[in-house]
Amino acid sequence: MNRLEQEKSAYLRHAASQKVNWYPWSEEAFEKARQEDKPVFLSSGAVWCHWCHVMAKESFEDDDVAALLNERFIAVKLDRDEHPDIDKRYQQAIAAMGLSGGWPLSMFLTPEKKPFYGGTYFPVEESYGRPGFKALLHAMSEFYRTKKAEVYEHSRKLHDLLKEISPKKGKVSEVLVDEATKSIMKGFDKRYGGFGTSPKFPMSGAIEFLLSQYFFHRDQTVEYALKNTLTAMASGGFHDQLGGGFHRYSTDEAWIIPHFEKMTEDNAWLLRNYADAYSLFGDEFFKKIVENIIFFIRKELSHPDGGFYTSMDADVTPDDEGGYFTWTDEELRRILATDEYAVFALYFLNKRNAVHHDEKKFVLSICMGVNDIAEQIPMSPEKVKTLLESGRLKLLTERDKRPKPFVDDALYTSLNGMMISAYLKAFRALGNTAIKDFAVSSLERILQVNIEDGRLLHSRGVKALLDDYMYLIDALISAYEVSANKKYLTIAEEFIKTCIEKFWDSEEGGFFDTEEEVIGMRLKGIEDVPRPSANALAVIVLLKLAYILDKDEYRQYAEKLLNTFSTDAQLMEIHGAYFFCGLDAFYRMLKLGIHVPSDTALAKSVLSIWHPYSCIVYGDDKGSVVPCIKDTCYEPINSPDTLKTFVNALVTDKTDKNS
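Residues numbered from 1 in each chain as written. Predicted model: local features only at pLDDT ≥ 70, side-chain atom pairs only at ≥ 80, totals over all residues. Heavy atoms only, no water.

Draft legend 1. Examining the overall build of the protein more closely. Helices and strands together make up the secondary structure of the protein, namely 25 helices and 20 strands. Taken against the 2.2 N^0.38 rule, which gives 26 Å for 659 residues, the C-alpha radius of gyration of the protein at 26 Å falls within 12% of a compact globule. Principal-axis analysis of the C-alpha atoms places the extent of the protein at approximately 80 × 70 × 50 Å. Going through the 659 residues of the protein one by one, you find that 59% of them count as buried. For the protein, the exposed area adds up to about 26600 Å²; of that, 48% sits on carbon and sulfur atoms. Taking the 80 positively charged and 100 negatively charged side chains of the protein as two groups, their mean positions are separated by 1 Å. (Helix = DSSP H or I, 4+ residues; strand = E, 2+ residues; numbered from the N terminus. Rg over C-alpha atoms; globule rule 2.2 N^0.38 Å. Buried < 20%, exposed > 50% of the residue type's maximum accessible area, 1.4 Å probe, protein only. Areas by Shrake-Rupley, 256 points an atom, 1.4 Å probe, with all protein chains shown as cover. Lys, Arg positive; Asp, Glu negative; His and termini not counted. Charge placed at Lys NZ, Arg CZ, Asp CG, Glu CD.)

Listed below in structure tokens is the structure:
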């Protein structure tokens, strides 16, 4: 009997019609495994995951596979967005086996939930250099039946190994910030932008860190890396050139062909990156990307009354990956006017833009500049821009008529916290009050629907994790800073106290990811995966609360946290980049005390001026803004121009560097 029909998770409900006797993650499933002395097959994935859909169609909808699973295993289906803590532990188990993780995650477990083998996608029959799933099921069933003692011993050792993973404590210093900059810059791709090779993730934590370093040091090499990366990402098919927003990652090194799912968490961090880049550089192109992301989020990934959804699927069917987002030359000629097609073909089409599974279909990726097109056709650059915009609107209208990829409308607290904070950054960069209003409405909605009996939830019926608390605290502080509403500050402090009480490791320092053990363990981490970790963000929120509330104990927790993870973060290099934002903030946090009404020009100027690590506190009306850095406060400031001059003077090195 398939038990998924009544589940809250859309991913689980999508599997409800399969002939596999799926259980949701539950004690009932593992008790059944103990009673029948069967291994457990766990499939963890998400509704946005292309290869999850492929494996479902090939294997879980296959009668022979379903019969084999039902006869020899207890089958459990897990939504990694609903239960990221459980998924994380089995992803680490895969890594400990020396294998690559990802989704779908396919794990073989003992009835005690301990893993003994696993992998990701398996084709139903051997192909792609991967073993066939049918053969694997036979092998794992036989292995468990004939060598059970070996299975249990192997799973015990693997489980114990995961439990023993703990940070290597060190001592922080400002020198580590400079070393981190050099380390991250070594991975910069000078040709295509970004870091490393394919597949390429945006590495938003690294971008955030480098933005801060450029603010303070004005290093031309860092400036080039940032502008090149941000421009390249926004110009490629990794960025949806019609509907705005970014896909999950780029399959190639040039940001052209994406993996097509669109995630709230990725777009939240990229919104932060582009908003900060616009504030720092004043580049109108970056402003346009901020507006494009918000257009996409409001259109596709948010509720009209507030609240941000989880994801948009990669495709409509597993047979046509990215079909919703791609175009044939024939379609473009049919939809566009002759002059629109002429500029579109030059601007967006290139042989490299063809998707691997159908060379007639193209991803739209910027291939030529407006001025070059104007010269080649020829026509004025203004005319080229007009035709590109009219053509874009035609294609977007036509695309909206297509069957749309599934949108998961679950309201997870952590994802909403990320996007609310990002929206409020965008408001401060652009000054558009509609952005602020929607962010605040979303915050109010999460406080209403994801708090039950005074306890924060990850989602309905699922207990909150550290990520939920930290990202929501960040959103609450951001809301206080733009509104002067002390209610948000009060709730933020209540939640940080809860985190210290329930998640803090009093022996070794740092925050655990869960209140209690999950699968027999609690984990702590500092890695950007690829978005920044809750422990890294915790440093920032602890420092802000320390200075806003004038409570040094929060600064002390931040320092302990930094020492706890300092060695690990250095070893992770770019994958621990956001930790170094927290470390830098520890030395450079700017507190701006606003002692004027919040609707005055001086108060508004505080919101619009960008500093990478600042916090705002509202006080009595004394007609000024008082800036403080660590324990030093400076002369009160009475005008927006003087404030701007003060912040600009915080640059520590304005000399040009070329290496």
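Picking up where we left off.
Draft legend 2. Main features of the pairing of strand 19 (residues 624-629). A large share of strand 19 lies buried, amounting to six of its six residues. Residue alternation in strand 19 divides its side chains into two sets, Ser 624, Val 626 and Cys 628 and Val 625, Pro 627 and Ile 629, and both sets are buried. Both strand 17 (residues 590-595) and strand 19 contribute to a ladder of six bridges, which runs antiparallel. The residue of strand 19 that forms the bridge with His 595 is Ser 624. Linkage of strand 19 to strand 20 (residues 632-633), two consecutive antiparallel strands, is achieved through a turn of two residues, within which Lys 630 is found at a positive phi near 55 degrees. (Pairing = 2+ DSSP bridges.)

Draft legend 3. The arrangement of the environment of Glu 559 in detail. Relative to the helices and strands, Glu 559 is located in helix 22 (residues 552-572). Remark: the alpha-carbon pair of Glu 559 and Phe 586, spanning 27 residues in sequence, is separated by 7.7 Å.

Draft legend 4. Representation of the state of the cysteines in the model. Applying the stated criterion across every chain yields a total of two disulfides. Across the disulfide from Cys 49 sits Cys 52; the S-S distance is 2.5 Å. Judged by the sign of its S-S torsion, about 85 degrees, the cystine formed by Cys 49 and Cys 52 is right-handed. The class of Cys 49 is buried, set by a relative accessible area of 4%. The class for Cys 52 is buried, based on a relative accessible area of 4%. Disulfide partner of Cys 628: Cys 633, at an S-S distance of 2.0 Å. Its torsion about the S-S bond being 100 degrees, the disulfide of Cys 628 and Cys 633 is classed as right-handed. Each bonded cysteine in the protein gets a number by its place in the sequence, and the pairs come out as 1-2, 3-4. Here Cys 615 is not disulfide-linked; the sulfur of Cys 628 is the nearest cysteine sulfur, at 9.1 Å. (Disulfide = S-S within 2.5 Å.)

Draft legend 5. A look at the sheet that holds strand 13 (residues 407-408). Across the sheet, which stays open at both edges, the three strands sit in the order 8-9-13 with antiparallel pairing between neighbours. Pairing within the sheet leaves two strands with one partner each, and these edge strands are strand 8 (262-263) and strand 13. As paired elements, strand 9 (residues 311-312) and strand 13 share two bridges and run antiparallel to each other. Counted as the bridge partner of Ser 311 is Asp 408 from strand 13.

Draft legend 6. Structural detail: the nonpolar core. If you look at the biggest cluster of nonpolar residues, it comprises 156 residues, and the most contacted ones within it are Tyr 274, Tyr 423, Met 470, Ile 473 and Phe 511. In terms of residues, this core owes the most to one element, helix 21 (residues 534-549), which gives 13 residues. Sequence-distant contacts of Ile 473, defined by excluding residues within four places in its chain, comprise Ala 492, Phe 495, Ile 496, Cys 499, Val 541 and Leu 545. The next biggest cluster of nonpolar side chains, apart from the first, holds 34 residues, and it includes Ala 46, Ala 66, Phe 73 and Tyr 144. (Core = buried A, V, L, I, M, F, W, Y, C linked by side-chain atoms within 4.5 Å. Contact = heavy atoms within 4.5 Å.)

Draft legend 7. The packing of aromatic side chains, seen in detail. Taken as a whole, this structure holds 46 aromatic pairs when the rule is applied. A ring pair is formed by Tyr 144 and Tyr 152, whose centres lie 6.3 Å apart and whose planes are at 40 degrees; its orientation type is tilted. Relative accessible area serves as the criterion here: at 2%, Tyr 144 is assigned to the buried category. Between Phe 215 and Trp 610, the aromatic rings sit 5.7 Å apart at their centres with planes inclined by 85 degrees, giving edge-to-face as the arrangement. With a gap of 395 residues between them, Phe 215 in helix 9 (residues 204-217) and Trp 610 in the loop between helix 24 (601-608) and strand 18 (614-618) connect regions that are remote in the sequence. Residues Phe 215 and Trp 610 agree in their burial class; the two are buried. Over the face of the ring belonging to Trp 22 we find Lys 77, whose NZ or CZ atom lies 4.3 Å from the ring centre. (Phe/Tyr/Trp six-rings, centres within 6.5 Å; stacked < 30°, edge-to-face > 60°. Lys NZ or Arg CZ within 6 Å of the ring centre and 35° of its normal.)

Draft legend 8. Layout of the sheet that holds strand 16 (residues 462-463). Here we have three strands laid out as an open sheet, ordered 14-15-16, and antiparallel in their pairing. The sheet is open, and its two edges are formed by strand 14 (451-452) and strand 16, each paired on a single side. Relative to strand 15 (residues 455-459), strand 14 runs antiparallel, the two being bridged by two bridges. Each bridged residue has a counterpart across the sheet, and for Glu 452 the counterpart in strand 15 is Arg 455.

Draft legend 9. Quick look at the pairing of strand 15. The element strand 15 is extensively covered by neighbouring structure, given that four of its five residues are classed as buried. Where strand 14 folds back onto strand 15 in an antiparallel hairpin, the turn is made up of two residues, including Asp 453, whose phi is positive at roughly 55 degrees. Bridging between strand 15 and strand 16 involves two bridges; their strand directions are antiparallel. Each bridged residue has a counterpart across the sheet, and for Leu 457 the counterpart in strand 16 is Lys 463.

Draft legend 10. Helix 21, seen in detail. Taking 1.5 Å per residue as the helical rise, helix 21 with its 16 residues ought to reach 22 Å, and the 21 Å between its terminal C-alpha atoms agrees with that figure. With 15 of 16 residues buried, helix 21 is to be regarded as a mostly interior element. Asp 550, located one to two residues past helix 21, shows a positive phi value of around 60 degrees. (Expected span 1.5 Å × (residues − 1).)

Draft legend 11. Expanded view of the side chain of Asp 276. Within the fold, Asp 276 resides in helix 11 (residues 264-281). At 3.0 Å, the side chain of Asp 276 and the side chain of Lys 425 are in polar contact. Residues in contact with Asp 276, not counting those within four places in the same chain, are Glu 208, Leu 211, Lys 425 and Trp 610. (Polar contact = N/O pair within 3.5 Å; in protein donor to acceptor, adjacent residues only side chain to side chain.)

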